[in-house]
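Each chain, written out:
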Amino acid sequence: MKLKFADRMANVKPSAIREILKASSDPNVISFAAGNPAPEAFPVELVRKISDELFATDPISVLQYNITEGYAPLRDKLREVCRTHYHVGTENDDIILMSGGQQGADLAAKCMCNQGDVVLCEDPSFVGCLNSFRQFQAKLIGIEMDDEGINLEKLEAAIRAHEHIAFLYLIPTFQNPTGLTMSARRRREVYELCKKNNILIVEDNPYADTRFRGEAIDPIKSLDDDGVVLYLGSFSKILAPGIRLGYAVGPKELITRMATAKQAEDVHSTIWSQRVACRFLESVDLDAFAKHLGDIYRRKCDLTLALLDEKVAGRFQYTRPEGGLFIWCTLPDGVDMLDFCARCAADKLAVVPGNAFLAAGDEGKTQSFRINYSTPTDEQLRQGVEILGKVAHEVIG
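Residue positions are counted from 1 within each chain, in the order its sequence is given. It should be noted that, the model being predicted, local features are given only for residues of pLDDT at least 70 and side-chain atom pairs only at 80 or more, the latter also being counted only at that level, while totals for whole chains, interfaces and linings use all residues. Think of the side-chain values as coming from all heavy atoms in the structure, minus any hydrogens and water.

**Some thoughts on empty space enclosed by the protein**
Only protein atoms enter the calculation, which uses a 1 Å grid: trapped sets of points that fit a 1.4 Å probe without letting it out are cavities, open sets showing protein on both sides within 12 Å along at least five of seven lines are pockets, and any residue with an atom within 4 Å of a point is a lining residue. Grid points are joined across faces, edges and corners, and a volume is the space filled by probe spheres set on the points. One pass over the structure, following the stated rule, counts one cavity of 30 Å³ or more. Space inside the largest cavity adds up to approximately 60 Å³. Gly is put with the polar residues, along with every residue not named as nonpolar or charged; the nonpolar set is Ala, Val, Leu, Ile, Met, Phe, Trp, Tyr, Cys and Pro, and the charged set is Asp, Glu, Lys and Arg. For the lining of the largest cavity, a count of residues per class yields six nonpolar, three polar and one charged.

Next up, the structure:
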């Protein structure tokens, strides 16, 4: 049978990261390509204890259907946590639980994008969400970044140049893939610009609790007094990605539409994970837990940066993040980035080519690639950076 696929799938390609992860399943390949939390960051014993208690005392409710918006006690607890820990949410906002933070971006696009509408985003940005937007046949317009985040002048120019803008998608804190953090000043400028132009901001904040240096900066949503921002949070980096649980905080009208859209996707997110997350938030001091996570990622990032300083300093540039899971590496002009990544792969090191994160996709041009320091062991970090140094010496000199 010859299948005829929907037009909306024409520009949607498999995630480059997922494809690289498949290739790097070879145990001999060192993967700097993943975006997984550090294995030592998982609160395994606490999750086991909570799960055992739930199945011993209330098994049917853990296994039964629930409402689309999410387990009510967890929604209530998250409202409290969002106000006190993240400083987001007002009486005009509502909250919905989702199957991972990325579903929030997908539901936002489903509710806000008509075919051909524009989605503005940082360039580069998270490939998973970019593919969600492409699936709804949005026109992606990438905005360059500078040291303070998305370039304000170029954002203003893009707003002037395009009609039918569905929203602006941002990852202001420890951005994926660059690891950069938008300044407090730039956050306010972007918020005021979007408020003035009636443009929704979709703020993705999965890495907030991985900070290990510098002062915390409140989310853009903390400024929101007019329903301009849809805030996406996730349990993937503070609890475990395998529980597939995220949430969105935003204007009540939008959350209601997202709930209707979600009903057609998965009815509701897994109730077991919602019950576990609720007990988790009731059991831990989230500020102290975030510090614990920061300590783990500080050590791994510092080791990686020290190795890079030793093996490749002067050959190519790399960011020095204050949190998150990633370092963004930029090769000198004239060096073929894709060839560099291929040479690394031939030496059994997987990194992610930077064009995977561009709004233009494979048609875009960049000298950069992404590496991850959270997933590899210390020995793998040493071996992997050794390979980076070897390839850099061969290609750059």
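Further notes follow.
**Some thoughts on the nonpolar core**
Counting 100 residues, the largest nonpolar core has Phe133 and Phe235 as the members making the most contacts within it. Top contributing element to this core by residue count: helix H11 (residues 286-311), with ten residues. Should any heavy atoms of two residues lie within 4.5 Å, those residues are considered in contact. If near-sequence neighbours (up to four positions away) are discounted, Phe235 is found in contact with Leu74, Leu78, Ala240, Ile243, Leu245, Tyr247, Ala277 and Leu281. By size, the runner-up hydrophobic cluster in this structure holds 22 residues, among which are Leu168, Leu193, Val228 and Val229. We define a nonpolar core as any set of buried Ala, Val, Leu, Ile, Met, Phe, Trp, Tyr and Cys residues linked to one another through side-chain atoms lying within 4.5 Å. Type-normalised accessible area, obtained with a 1.4 Å probe on protein chains alone, sets the label of each residue: buried when under 20%, exposed when over 50%, and partly exposed for intermediate values. Numbering goes from the N terminus for both helices and strands, where a helix is a DSSP run of H or I of at least four residues and a strand is a run of E of at least two.

**Here's the deal with the packing of helix H7 (residues 152-161) against helix H8 (residues 184-196)**
When two helices pack together, you describe them by how their axes are tilted relative to each other and by the distance separating the axes. Running from N to C, H7 and H8 cross one another at 10°; their axes reach a closest spacing of 11 Å. Between H7 and H8, the interaxial angle falls into the category roughly parallel. On H8, the residues that touch Leu152, Leu155, Glu156 and Ile159 of H7 are Arg186, Glu189, Val190 and Leu193. The residue makeup of the contact of H7 with H8, split by class, is five nonpolar, no polar and three charged. For helices, the axis comes from a line fit to the C-alpha atoms of the stretch in contact; other axes are also lines fit to C-alpha atoms, and the angle between any two N-to-C directions lies between 0 and 180 degrees. Any angle that is under 35 degrees is reported as roughly parallel, and any over 145 degrees as roughly antiparallel; angles of 65 to 115 degrees are reported as roughly perpendicular and all others as oblique.

**Observations concerning the packing of aromatic side chains**
Aromatic contacts are taken between Phe, Tyr and Trp rings whose centres are within 6.5 Å, Trp giving its six-membered ring; a plane angle under 30 degrees counts as stacked, one over 60 as edge-to-face, and the others as tilted. Within this structure, the stated rule accounts for eleven aromatic pairs. Their ring planes at 70° and their centres at 5.7 Å tell us that Phe316 and Phe369 sit as a pair that is edge-to-face. Of the two residues, Phe316 sits in the loop between H11 and strand S11 (317-318) while Phe369 sits in strand S15 (residues 368-372), which places them 53 residues apart along the sequence. As far as burial versus exposure is concerned, Phe316 and Phe369 are alike and both buried. Chaining the aromatic ring pairs together yields one cluster made of Phe316, Tyr318, Phe340 and Phe369.

**Examining the pattern of salt bridges**
A pair can form between side chains of opposite charge whenever their charged atoms are brought close. A carboxyl oxygen of Asp or Glu within 4 Å of a side-chain nitrogen of Lys or Arg is what we treat as a salt bridge. Tallied over the full model, the rule gives 32 salt bridges. Lys221 serves as the salt-bridge partner of Asp93, at 3.0 Å between the closest nitrogen and oxygen. On the criterion of sequence distance, the pair formed by Asp93 in strand S2 (residues 93-98) and Lys221 in the loop between strand S8 (201-204) and strand S9 (229-234) is long-range, its members being 128 residues apart. Residue Asp93 shares its accessibility class with Lys221, and that shared class is buried. Between Asp302 and Arg213 there is a salt bridge, and its shortest N-O distance comes to 2.8 Å. With Asp302 in helix H11 and Arg213 in the loop between S8 and S9, this pair connects stretches of sequence that are 89 residues apart. Classification of Arg213 as partly exposed rests on a relative accessible area of 29%. Here the salt bridges share partners, and the residues they tie into one network are Asp146, Glu148, Arg185, Arg186 and Glu189.

**Considering the sheet that holds strand S14 (residues 352-353)**
Paired strands, as defined in this entry, are two strands with at least two bridges between them according to DSSP. As summarised here, the arrangement of the four strands in space is S11-S12-S15-S14, forming an open sheet in which the pairing is antiparallel. Of all strands in the sheet, those with a lone pairing partner are S11 and S14, marking the two edges. In the sheet, S11 pairs with strand S12 (residues 326-330) via two bridges, with the strands oriented antiparallel. Each residue of the ladder has a partner; that of Gln317, found in S12, is Thr330.

**Quick word on the pairing of strand S10 (residues 246-251)**
Judged by how many residues are buried, S10 sits mostly within the fold: six of six residues are covered. Pairing between S9 and S10: four bridges, direction antiparallel. If you follow Leu232 over to S10, its bridge partner there is Ala248.

**Things to note about the side chain of Glu203**
On the secondary structure map, Glu203 appears in strand S8. Neither His nor the chain termini are counted; the positive set is Lys and Arg, and the negative set is Asp and Glu. Buried within the structure, Glu203 lacks any salt-bridge partner; Arg187 is the closest side chain of opposite charge, at an N-O distance of 4.4 Å. In protein, a polar contact means a hydrogen-donor-capable atom and an acceptor-capable atom, both N or O and within 3.5 Å, with residues adjacent in sequence counting only if both atoms are side-chain atoms; elsewhere, any N or O pair within 3.5 Å suffices. Polar contacts involving the side chain of Glu203 include one to the main-chain amide nitrogen of Ile220, which spans 2.8 Å. Glu203 has contacts with Leu170, Pro172, Arg187, Pro219, Ile220, Lys221, Val229, Leu230, Tyr231 and Leu232, leaving out every residue within four places of it along the chain.

**Considering the sheet that holds strand S3 (residues 118-122)**
Strands sit in the order S2-S10-S9-S8-S7-S3-S4 across an open sheet of seven strands; the sheet is mixed. With partners counted over all chains shown, the strands left at the sheet margins are S2 and strand S4 (139-143), one partner each. On average, adjacent strands in this sheet sit at an angle of 20° to one another, irrespective of strand direction. Taken together, the four bridges between S3 and strand S7 (residues 165-170) define a ladder with parallel strand orientation.

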